[in-house]
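Understanding the architecture of this molecule
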Amino acid sequence: MKHKQFNLLFKETILEFIKSQEQKDGIKDIPLRLQSYNDLIDGFHKEGKITDKQAQTWGHPKFLYS
């Protein structure tokens, strides 16, 4: 899996859910976004969907902060 594909999957699933929860109070939960991203990377790595190098080098994309 490429980083671009991973980010798209994250945006369309997990981030959309997080945003729906944030809309209740209007406050962006940046720590939750970052942790969720890390958790998904970890899960994909443990399942063999991404390599050690990918898991270690993929940083947080800018869209998590906006």
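Before any of the text, the structure's been laid out above.
Figured I'd write up the structure that's included with this text. (Residues numbered from 1 in each chain as written. Predicted model: local features only at pLDDT ≥ 70, side-chain atom pairs only at ≥ 80, totals over all residues. Heavy atoms only, no water.)

1. Observations concerning the side chain of Arg33
Put simply, the rule is: Each helix is a run of H or I in the DSSP string that is no shorter than four residues. Each strand is a run of E no shorter than two, and both are numbered from the N terminus. Each residue's exposure class comes from its accessible area (1.4 Å probe, protein chains only) as a fraction of the maximum for that residue type: buried when under 20%, exposed when over 50%, partly exposed otherwise. Within 3.5 Å is the distance limit for a polar contact, defined as a pair of N or O atoms, with the added protein rule that one can donate a hydrogen and the other accept it, and that residues adjacent in sequence qualify only through two side-chain atoms. It only takes one pair of heavy atoms within 4.5 Å for two residues to be counted as in contact.
Along the chain, Arg33 falls in helix α2 (residues 30-46). A residue is classified by how much of its surface remains accessible, and Arg33, at 1% relative accessible area, is buried. Polar contacts involving the side chain of Arg33 include one to the main-chain carbonyl oxygen of Ser66, which spans 2.6 Å. Non-local contacts of Arg33, meaning those with residues more than four positions away in its chain, are made with Phe10, Leu15, Ile18, Lys19, Glu22, Lys28, Phe63, Leu64, Tyr65 and Ser66.

2. Description of the packing of helix α1 (residues 3-22) against α2
Rules: As a rule, the C-alpha atoms of each element are fitted with a line to give its axis, helices using only the stretch in contact, and angles between N-to-C directions run from 0 to 180 degrees. Should an angle fall under 35 degrees it is taken as roughly parallel, and over 145 as roughly antiparallel, whereas 65 to 115 is taken as roughly perpendicular and any remaining angle as oblique. It is the rotation of the near helix from the far one that decides the hand of a crossing: anticlockwise by less than a right angle makes it left-handed, clockwise makes it right-handed.
Running from N to C, α1 and α2 cross one another at 140 degrees; their axes reach a closest spacing of 10 Å. Comparing their axes, α2 and α1 come out oblique. When the axes of α1 and α2 are compared, the crossing they make is right-handed. On the side of α1, the interface is formed by His3, Phe6, Asn7, Leu9, Phe10, Ile14, Leu15, Ile18, Lys19 and Glu22, while α2 contributes Leu32, Arg33, Ser36, Tyr37, Leu40, Ile41 and Phe44.

What is shown is where atoms sit, not what they do.
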